[in-house]
Structures are given as structure tokens and as C-alpha cells.
Amino acid sequence: MYFKGLIDAKRIGSWFVNISIAVLLLFFASAYLAKAAPAVKVTYAYEAFSEIMRTGKPTGTASATALLALTNITLEHSFEYLPLARMQSQMERIDIPVCSLFSLKTKPRQSQFIFSIPMAFQSSQRLFVQYDVPEIPLHMFNEHNEIESLSELMLIYPRSKLVTSAGISHGEYLDREIAKISEQQLSIHPSFDTNAMHAKMFLWGRANFTVAFPTDIEMHQNEFSKTGFKKYELANTPPIMTSRLMCNITAESKLFIEQLNQQIRRLYSQSTFLNAHTAYLPIEDHEMVKHYISQYAVNENL
């Protein structure tokens, strides 16, 4: 009996040692994997954002809200400025988690990427027309005084040009409309960042038309003297557009967006978030932006 008990004790001791070793190996493996998990690369095609992060001094709503939203993110991440073309190629990678700041959410993009909830809100893009372009015929407007079709409008001015930037999205509907315009009437400017170069080119007088955010035009308007233009609303565009973080689909980027969304949800109810909008947006947009922020605070799936 003594020897049998001793043998059983040895077996139990051996089993316990094996289990302990297995637990330790699992612990160290988990710790190694956690340590080895790649940091999320947060890219941006707005070169000035590097200096904005360094100084903490934003230049507009998108950069102001990005600074607020990216505060207190504990998951390992890094920031990197990339020209648009390089940023797009990085976003297509599946071996590392990559995200892109200041992105529009569209249906084509949703099939490839995941998005945060809105980080910034602003009124939709407008059609800007040089002052010397003949008046737009009344039949081009709908009952809300909006341009009904951008592509059809361009047919009325066959010698005119519309300038835009390569690699950016104006939203689903406007992207389709611009794709219908003849190549001879499009001036697609190579753009290295999202700093609305097409708005600048329009103000330089390089084209008769452009589609841009009013804030982008205002940002560059002071650089040009004697610049006259007209501004029109466009049909079939949302009253407000949102800026989001867009990421490729990896486990790490999903976790990063989850943590970012938690931070943004907290911001929706804070005055600092609203102030980050009203400090830069036209006063006529303040109430609309306030309304949409409160709506998203209740239902972020709008």
C-alpha cells in the first residue's frame, strides 16, 4: 500500500508539474504575442498635421477634433504622414494594421475597410463658379434652388473646366457625377495631401468650376486678391458630411477603432467637442452641426 501510494503521489506530482509547465508556457506565449502584436499605423495625407500634433494647435475642425479623439488611446500606435498615393497602397496591406485619418465613409470603401463613428462634422461641399462664367440657366435648378446635375451643367459650358484632386472622394453621388464629365473638361490635379489643392487651383483661376468644402475655400482665399466667385448647393448631397478614421481589416485595427469610438462617444456630450467645430465653421452652420452631434450621440448609426 505504501509503494502504491508513493507511485500515485509521484504520478500526481508529475501531472501537476506538467500542468504547471503548460500554464507557464501559455503565459509566456501570450505575453510574447501581446508584445509582438504590431502597432497600428495611423496615417494622414495632410502634411500640416505633423506640426499640429507637435504644437497642439489645430488649424480647422478636422484637426481639432482629431487631437481630442486621439487623446488617451492606450493601444500601441504610431503616426505617419504619407502622400495620398502611398497612403492608399498602405491601406491595401493585410499584414499590418493601417488606418487613415480624415476619411469619408462611402459604400465602395465599406466593402474594403472599417470606419470609426464620426470624428468631425461640417456642411456639405458646394459648387464654386468663377464670377465671369455666364449665369447658370434656371432649368438647372430644382425647387430647393440646388444644381440638379453637375455632369449636365458642364455640358452647357463645353469650353470650361472643373478642377479636382486625384485620389480624393467627394462622396458617392458626386464621385459618380464627376466620372461622367468629359476628360477634356476635367483638370485632375495630382495631390500629395488632402489640403484641398483643387480649392487653391480654383482660386488661382486655373479652372472655371470646382467642388469643395466652403472651409477649404475660406482657408486659401486670403492668399489671393481680387478673387470673385459664386457658390451653389448641389442636389443629392447630404446636408452634412463627416470625417472618420478608416482602417484596413485586421484584429488590431478593429480593437483600435473600438477604443477610439469609446473616446468619441464621450466627446459628443462635451462642450470642447462642439467648440472644436464652432471655432472654425461659418456661423450659419453652428446650429446644424450642434443638431447632428446631438443626433449621433443618441444614434451613432445615422
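Residues numbered from 1 in each chain as written. Predicted model: local features only at pLDDT ≥ 70, side-chain atom pairs only at ≥ 80, totals over all residues. Heavy atoms only, no water.

Novice: What exactly am I supposed to notice about the overall build of the protein chain here?
Specialist: Helix and strand content of the protein chain: 12 helices and 11 strands. Intrachain contacts of the protein chain at a sequence separation of at least 6 include 79% that bridge at least 24 residues. Approximately 16800 Å² of the protein chain is accessible, and the part contributed by carbon and sulfur atoms is 57%. (Helix = DSSP H or I, 4+ residues; strand = E, 2+ residues; numbered from the N terminus. Contact = heavy atoms within 4.5 Å. Areas by Shrake-Rupley, 256 points an atom, 1.4 Å probe, with all protein chains shown as cover.)

Novice: Would you mind showing me how to read the environment of Ile168 here?
Specialist: Relative to the assigned elements, Ile168 resides in the loop between strand E7 (162–165) and helix H7 (172–180). Sequence spacing of Ile168 and Leu104 is 64 residues, and the spatial spacing of their C-alpha atoms is 9.1 Å. Ile168 has contacts with Leu84 and His198, leaving out every residue within four places of it along the chain.

Novice: Please clarify how the sheet that holds strand E10 (residues 229–232) should be interpreted in this entry.
Specialist: Pairing between sheet strands relies on hydrogen bonds along the backbone, with the strands arranged either parallel or antiparallel. What the five strands build is an open sheet, ordered E8-E7-E9-E6-E10; its pairing is mixed. At either margin of the open sheet sits one strand with a lone partner, and together these are strand E8 (186–189) and E10. In this sheet, adjacent strand axes meet at a mean angle of 30 degrees when their direction is disregarded. Relative to E10, strand E6 (residues 126–130) runs antiparallel, the two sharing four bridges. By the bridge assignment, Phe128 is partnered in E10 with Lys231. (Pairing = 2+ DSSP bridges. Axes fitted to C-alpha atoms, helices over the stretch in contact; angles between N-to-C directions.)

Novice: In this structure, what is going on with unusual backbone geometry? I would like to understand it.
Specialist: Positioned with a positive phi, Asn72 is a non-glycine residue whose angle comes to about 70 degrees. Given a relative accessible area of 61%, Asn72 falls into the exposed group. (Buried < 20%, exposed > 50% of the residue type's maximum accessible area, 1.4 Å probe, protein only.)

Novice: How do you make sense of the state of the cysteines when you look at a structure like this?
Specialist: Each disulfide consists of a covalent bond between the sulfur atoms of two cysteine residues. The tally for this structure, following the rule as stated, stands at one disulfide. A disulfide bridge connects Cys99 with Cys247, and the sulfur atoms are separated by 2.0 Å. Because the torsion about its S-S bond is 105 degrees, the bridge between Cys99 and Cys247 counts as right-handed. Taken together, the positions of Cys99 in strand E3 (residues 98–103) and Cys247 in strand E11 (residues 240–247) put the pair 148 residues apart, joining distant regions of the chain. (Disulfide = S-S within 2.5 Å.)

Novice: Explain the environment of Ala48 here, please?
Specialist: As for its placement among the helices and strands, Ala48 is situated in the loop between strand E1 (40–44) and helix H2 (49–55). Sequence-wise, Ala48 and Tyr81 are 33 residues apart; in three dimensions their C-alpha atoms are separated by 9.0 Å.

Purely spatial values, then, with no claim about function.
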